[in-house]
Amino acid sequence: YNQHLQASEKMEVISSLTASVAHEIRNPLQVTRGFLQLVSEDSNEKNKKFVEIAIGELDRAAEIITDFLTFAKPQLDEVTELNISKELKQIEGIIVPLATSHGGTVFLNIPNDLYICGNSSKLKQALINIIKNSIEAFQKDGQIHIQAHEHNNNVVIQIKDNGAGIEPAQLAKLGEPYFSTKTKGTGLGLMVTFRLIEAMKGTIEFSSQKHVGTEVMIRFPAVSQRPTE
Ligand code: ADP
Ligand code: MG
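We now turn to the structure provided with this report. Keep in mind that what you see is a predicted model, and the values were worked out from it rather than measured.

### Observations regarding the packing of helix α3 (residues 84–101) against helix α4 (residues 120–136)
Item 1. Relative orientation of the contacting elements α3 and α4 amounts to 25°, with a least axis distance of 10 Å. Compared by their axis directions, α3 and α4 come out roughly parallel. For α3 against α4, the interelement crossing comes out right-handed. Residues E87, Q90, I91, I94, I95, L98 and A99 of α3 form the contact with α4, whose own contacting residues are S120, L123, K124, L127, I128, I131 and I135.
Item 2. In the contact of α3 with α4, the residues fall into ten nonpolar, two polar and two charged.

Here's what the structure looks like:
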(Lines give C-alpha, C1' and ligand atoms only; values in the text may rest on other atoms or scores of the structure.)
(Ligands and ions follow the chains in the order given, each with its own letter.)
Protein backbone atom coordinates (compact mmCIF):
# COMPACT_ATOMS: atom_id res chain seq x y z
CA TYR A 1 0.00 0.00 0.00
CA ASN A 2 2.77 2.34 1.01
CA GLN A 3 4.65 1.71 -2.20
CA HIS A 4 1.51 2.35 -4.21
CA LEU A 5 1.09 5.71 -2.55
CA GLN A 6 4.64 6.71 -3.36
CA ALA A 7 4.21 5.69 -6.97
CA SER A 8 1.09 7.79 -7.36
CA GLU A 9 2.76 10.78 -5.74
CA LYS A 10 5.64 10.44 -8.15
CA MET A 11 3.14 10.26 -11.01
CA GLU A 12 1.60 13.53 -9.83
CA VAL A 13 4.95 15.32 -9.91
CA ILE A 14 5.68 13.97 -13.39
CA SER A 15 2.21 15.01 -14.52
CA SER A 16 2.46 18.59 -13.38
CA LEU A 17 6.00 18.90 -14.78
CA THR A 18 4.84 17.57 -18.13
CA ALA A 19 1.94 19.99 -18.18
CA SER A 20 4.08 23.06 -17.50
CA VAL A 21 6.78 22.06 -20.00
CA ALA A 22 4.09 21.47 -22.63
CA HIS A 23 2.62 24.92 -22.01
CA GLU A 24 6.04 26.53 -22.29
CA ILE A 25 6.79 24.80 -25.60
CA ARG A 26 3.50 25.85 -27.19
CA ASN A 27 4.31 29.57 -27.26
CA PRO A 28 7.62 29.41 -29.18
CA LEU A 29 5.96 27.01 -31.63
CA GLN A 30 3.21 29.56 -32.29
CA VAL A 31 5.73 32.39 -32.73
CA THR A 32 7.86 30.31 -35.13
CA ARG A 33 4.76 29.44 -37.13
CA GLY A 34 3.87 33.12 -37.45
CA PHE A 35 7.32 34.12 -38.72
CA LEU A 36 7.39 31.21 -41.18
CA GLN A 37 4.15 32.49 -42.66
CA LEU A 38 5.74 35.92 -43.13
CA VAL A 39 8.78 34.34 -44.80
CA SER A 40 6.48 32.39 -47.10
CA GLU A 41 4.90 35.60 -48.45
CA ASP A 42 8.25 36.78 -49.91
CA SER A 43 9.44 33.38 -51.13
CA ASN A 44 9.62 31.74 -54.51
CA GLU A 45 7.51 28.65 -55.22
CA LYS A 46 10.22 26.19 -54.18
CA ASN A 47 10.80 27.85 -50.80
CA LYS A 48 7.05 28.25 -50.26
CA LYS A 49 6.83 24.46 -50.53
CA PHE A 50 9.56 24.02 -47.89
CA VAL A 51 7.88 26.49 -45.54
CA GLU A 52 4.60 24.64 -45.97
CA ILE A 53 6.28 21.40 -44.89
CA ALA A 54 7.89 23.15 -41.91
CA ILE A 55 4.52 24.56 -40.80
CA GLY A 56 2.94 21.13 -41.17
CA GLU A 57 5.58 19.64 -38.89
CA LEU A 58 5.10 22.43 -36.32
CA ASP A 59 1.37 21.69 -36.31
CA ARG A 60 2.13 18.02 -35.75
CA ALA A 61 4.31 18.91 -32.77
CA ALA A 62 1.49 21.08 -31.38
CA GLU A 63 -0.94 18.16 -31.70
CA ILE A 64 1.40 15.85 -29.81
CA ILE A 65 1.65 18.43 -27.05
CA THR A 66 -2.14 18.69 -26.85
CA ASP A 67 -2.33 14.93 -26.37
CA PHE A 68 0.39 15.02 -23.70
CA LEU A 69 -1.34 17.84 -21.85
CA THR A 70 -4.53 15.82 -21.69
CA PHE A 71 -2.59 12.78 -20.52
CA ALA A 72 -0.98 14.81 -17.80
CA LYS A 73 -4.29 16.31 -16.71
CA PRO A 74 -7.07 13.91 -17.59
CA GLN A 75 -9.43 15.11 -14.87
CA LEU A 76 -12.36 17.04 -16.27
CA ASP A 77 -12.41 20.80 -15.78
CA GLU A 78 -16.05 21.70 -16.11
CA VAL A 79 -18.72 19.01 -16.14
CA THR A 80 -22.11 19.88 -17.61
CA GLU A 81 -25.02 18.24 -19.34
CA LEU A 82 -24.03 17.70 -22.97
CA ASN A 83 -26.30 17.27 -25.97
CA ILE A 84 -24.62 14.65 -28.15
CA SER A 85 -26.12 15.99 -31.37
CA LYS A 86 -24.91 19.52 -30.59
CA GLU A 87 -21.39 18.35 -29.68
CA LEU A 88 -21.07 16.38 -32.91
CA LYS A 89 -22.37 19.32 -34.97
CA GLN A 90 -19.53 21.37 -33.50
CA ILE A 91 -16.83 18.97 -34.71
CA GLU A 92 -18.43 18.50 -38.13
CA GLY A 93 -16.48 21.55 -39.33
CA ILE A 94 -13.22 19.73 -38.59
CA ILE A 95 -13.99 16.16 -39.59
CA VAL A 96 -15.98 16.69 -42.80
CA PRO A 97 -13.26 18.71 -44.61
CA LEU A 98 -10.60 16.28 -43.34
CA ALA A 99 -12.57 13.30 -44.65
CA THR A 100 -13.17 15.04 -47.98
CA SER A 101 -9.47 15.80 -48.39
CA HIS A 102 -8.81 12.07 -47.89
CA GLY A 103 -11.37 11.20 -50.55
CA GLY A 104 -14.11 10.02 -48.19
CA THR A 105 -17.52 10.90 -46.79
CA VAL A 106 -18.99 11.29 -43.30
CA PHE A 107 -22.60 10.26 -42.63
CA LEU A 108 -24.02 11.69 -39.41
CA ASN A 109 -27.31 10.50 -37.99
CA ILE A 110 -27.78 11.70 -34.42
CA PRO A 111 -31.17 12.18 -32.73
CA ASN A 112 -31.68 15.46 -30.91
CA ASP A 113 -32.62 14.18 -27.46
CA LEU A 114 -29.51 12.38 -26.17
CA TYR A 115 -27.78 13.84 -23.12
CA ILE A 116 -24.76 12.79 -21.08
CA CYS A 117 -22.70 14.33 -18.30
CA GLY A 118 -19.19 15.42 -19.19
CA ASN A 119 -16.78 18.08 -20.34
CA SER A 120 -17.53 19.45 -23.78
CA SER A 121 -13.99 19.96 -25.07
CA LYS A 122 -12.74 16.63 -23.70
CA LEU A 123 -15.65 14.77 -25.30
CA LYS A 124 -14.90 16.47 -28.59
CA GLN A 125 -11.21 15.64 -28.35
CA ALA A 126 -12.02 11.97 -27.71
CA LEU A 127 -14.42 11.80 -30.67
CA ILE A 128 -12.04 13.63 -33.00
CA ASN A 129 -9.20 11.23 -32.11
CA ILE A 130 -11.40 8.23 -32.98
CA ILE A 131 -12.79 9.73 -36.19
CA LYS A 132 -9.34 10.87 -37.33
CA ASN A 133 -8.15 7.26 -37.07
CA SER A 134 -11.06 6.21 -39.28
CA ILE A 135 -10.12 8.85 -41.83
CA GLU A 136 -6.46 7.78 -41.74
CA ALA A 137 -7.57 4.18 -42.37
CA PHE A 138 -9.53 5.07 -45.52
CA GLN A 139 -9.08 2.78 -48.49
CA LYS A 140 -10.93 3.63 -51.71
CA ASP A 141 -14.35 5.29 -51.29
CA GLY A 142 -13.89 5.81 -47.55
CA GLN A 143 -17.07 6.09 -45.50
CA ILE A 144 -17.68 6.86 -41.84
CA HIS A 145 -21.11 6.36 -40.33
CA ILE A 146 -21.71 8.06 -37.00
CA GLN A 147 -24.89 7.14 -35.17
CA ALA A 148 -26.25 7.36 -31.65
CA HIS A 149 -29.16 5.97 -29.68
CA GLU A 150 -30.24 5.26 -26.12
CA HIS A 151 -30.19 1.70 -24.78
CA ASN A 152 -30.57 0.47 -21.17
CA ASN A 153 -30.06 3.98 -19.76
CA ASN A 154 -26.89 4.40 -21.78
CA VAL A 155 -26.21 6.75 -24.64
CA VAL A 156 -24.48 4.63 -27.27
CA ILE A 157 -22.35 6.36 -29.90
CA GLN A 158 -21.30 4.19 -32.83
CA ILE A 159 -18.52 5.16 -35.23
CA LYS A 160 -18.12 2.77 -38.12
CA ASP A 161 -15.68 2.93 -41.03
CA ASN A 162 -14.96 0.80 -44.09
CA GLY A 163 -11.21 1.33 -43.76
CA ALA A 164 -8.15 -0.90 -43.53
CA GLY A 165 -9.23 -2.63 -40.31
CA ILE A 166 -7.13 -3.86 -37.38
CA GLU A 167 -5.39 -7.24 -36.94
CA PRO A 168 -6.87 -9.30 -34.05
CA ALA A 169 -3.50 -9.31 -32.26
CA GLN A 170 -3.35 -5.52 -32.46
CA LEU A 171 -6.85 -4.95 -31.06
CA ALA A 172 -5.53 -5.74 -27.58
CA LYS A 173 -2.81 -3.12 -27.95
CA LEU A 174 -5.13 -0.20 -28.67
CA GLY A 175 -4.69 2.50 -26.06
CA GLU A 176 -1.20 1.38 -25.08
CA PRO A 177 1.09 4.39 -25.09
CA TYR A 178 3.09 4.64 -28.35
CA PHE A 179 1.28 1.77 -30.05
CA SER A 180 1.00 2.90 -33.67
CA THR A 181 1.16 1.21 -37.06
CA LYS A 182 1.60 4.53 -38.90
CA THR A 183 4.92 5.95 -40.08
CA LYS A 184 3.93 9.37 -38.70
CA GLY A 185 1.76 8.11 -35.83
CA THR A 186 2.34 8.95 -32.17
CA GLY A 187 0.30 6.17 -30.59
CA LEU A 188 -1.02 8.70 -28.09
CA GLY A 189 -4.47 9.38 -29.57
CA LEU A 190 -6.30 6.34 -28.23
CA MET A 191 -4.42 6.32 -24.93
CA VAL A 192 -5.75 9.83 -24.29
CA THR A 193 -9.19 8.92 -25.66
CA PHE A 194 -9.55 5.89 -23.36
CA ARG A 195 -8.65 7.99 -20.33
CA LEU A 196 -11.07 10.76 -21.26
CA ILE A 197 -13.96 8.36 -21.77
CA GLU A 198 -13.17 6.59 -18.52
CA ALA A 199 -13.12 9.95 -16.71
CA MET A 200 -16.65 10.57 -18.03
CA LYS A 201 -17.75 7.16 -16.68
CA GLY A 202 -18.01 5.76 -20.18
CA THR A 203 -16.76 2.63 -21.90
CA ILE A 204 -15.27 2.07 -25.35
CA GLU A 205 -15.18 -1.09 -27.41
CA PHE A 206 -13.53 -1.83 -30.77
CA SER A 207 -14.46 -4.53 -33.23
CA SER A 208 -12.68 -4.82 -36.52
CA GLN A 209 -12.01 -6.97 -39.52
CA LYS A 210 -8.91 -6.54 -41.64
CA HIS A 211 -9.67 -4.97 -45.07
CA VAL A 212 -13.37 -4.59 -44.14
CA GLY A 213 -13.50 -1.91 -41.48
CA THR A 214 -13.71 -0.96 -37.84
CA GLU A 215 -16.58 -0.25 -35.50
CA VAL A 216 -16.20 1.71 -32.27
CA MET A 217 -18.95 1.64 -29.63
CA ILE A 218 -18.86 4.24 -26.89
CA ARG A 219 -21.32 4.11 -24.01
CA PHE A 220 -22.06 6.84 -21.46
CA PRO A 221 -24.65 6.86 -18.69
CA ALA A 222 -27.65 8.72 -20.11
CA VAL A 223 -28.95 11.86 -18.44
CA SER A 224 -32.60 12.65 -18.96
CA GLN A 225 -33.01 16.26 -19.96
CA ARG A 226 -34.24 18.36 -17.10
CA PRO A 227 -36.46 21.31 -18.01
CA THR A 228 -34.49 24.53 -17.54
CA GLU A 229 -35.91 26.66 -14.73
P1 ADP B 1 -1.88 6.93 -34.10
O2 ADP B 1 -3.14 7.38 -34.81
O3 ADP B 1 -0.94 8.05 -33.83
O4 ADP B 1 -1.23 5.76 -34.78
P5 ADP B 1 -3.74 6.03 -32.09
O6 ADP B 1 -3.59 5.77 -30.63
O7 ADP B 1 -4.76 7.04 -32.49
O8 ADP B 1 -2.30 6.42 -32.63
O9 ADP B 1 -4.09 4.66 -32.82
C10 ADP B 1 -3.26 3.53 -32.60
C11 ADP B 1 -3.35 2.52 -33.74
O12 ADP B 1 -4.65 1.90 -33.74
C13 ADP B 1 -3.22 3.09 -35.14
O14 ADP B 1 -1.87 3.26 -35.51
C15 ADP B 1 -3.92 2.04 -35.99
O16 ADP B 1 -3.07 0.96 -36.26
C17 ADP B 1 -5.00 1.51 -35.06
N18 ADP B 1 -6.35 2.07 -35.36
C19 ADP B 1 -7.10 2.85 -34.55
N20 ADP B 1 -8.29 3.15 -35.12
C21 ADP B 1 -8.30 2.53 -36.32
C22 ADP B 1 -9.28 2.44 -37.39
N23 ADP B 1 -10.47 3.06 -37.34
N24 ADP B 1 -8.94 1.69 -38.47
C25 ADP B 1 -7.74 1.06 -38.55
N26 ADP B 1 -6.80 1.10 -37.58
C27 ADP B 1 -7.07 1.83 -36.48
MG1 MG C 1 -4.68 8.54 -34.03
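### Some remarks on the sheet that holds strand β6 (residues 203–209)
Item 1. Read from one edge to the other, the open sheet built from five strands follows the order β2-β4-β5-β7-β6, with strand pairing classed as mixed. Edge strands, defined here as strands with exactly one partner in the open sheet, are β2 (104–109) and β6. The average angle at which neighbouring strand axes cross in this sheet is 15°, direction not considered.
Item 2. Sheet topology note: the β6/strand β7 (residues 213–221) ladder contains seven bridges and is antiparallel. Each bridged residue has a counterpart across the sheet, and for S207 the counterpart in β7 is E215.
Item 3. Along the sheet, α4 makes contact with β2, β4 (142–151), β5 (154–161) and β7, crossing β5 at roughly 20°.

Rules and cut-offs
Residue indices follow the written sequence of each chain, beginning from 1 at its first position. Numbering of ligands from 1 and lettering of chains from A proceed in the order in which they are written. Totals for whole chains, interfaces and linings use every residue, but because this is a predicted model, local features are given only for residues with pLDDT of at least 70 and side-chain atom pairs only at 80 or more, for both listing and counting. Inter-axis angles, ranging from 0 to 180 degrees, are taken between N-to-C directions of lines fitted to C-alpha atoms, where helices are fitted over the stretch in contact. Helix and strand assignments follow DSSP, with helices taken as H or I runs no shorter than four residues and strands as E runs no shorter than two, numbered in order from the N terminus. Orientation categories follow fixed angle ranges, with anything under 35 degrees roughly parallel, anything over 145 roughly antiparallel, 65 to 115 roughly perpendicular, and all other angles oblique. Throughout, a crossing is termed right-handed when the near helix is turned clockwise from the far one, and left-handed when it is turned anticlockwise from it by less than a right angle. C-beta atoms are placed from the backbone for every residue, and two residues are taken to be in contact when these atoms lie within 7 Å. All residues other than Ala, Val, Leu, Ile, Met, Phe, Trp, Tyr, Cys, Pro, Asp, Glu, Lys and Arg, Gly among them, are scored as polar; the first ten of these are nonpolar and the last four charged. In this description, strands pair whenever DSSP reports at least two bridges between them.

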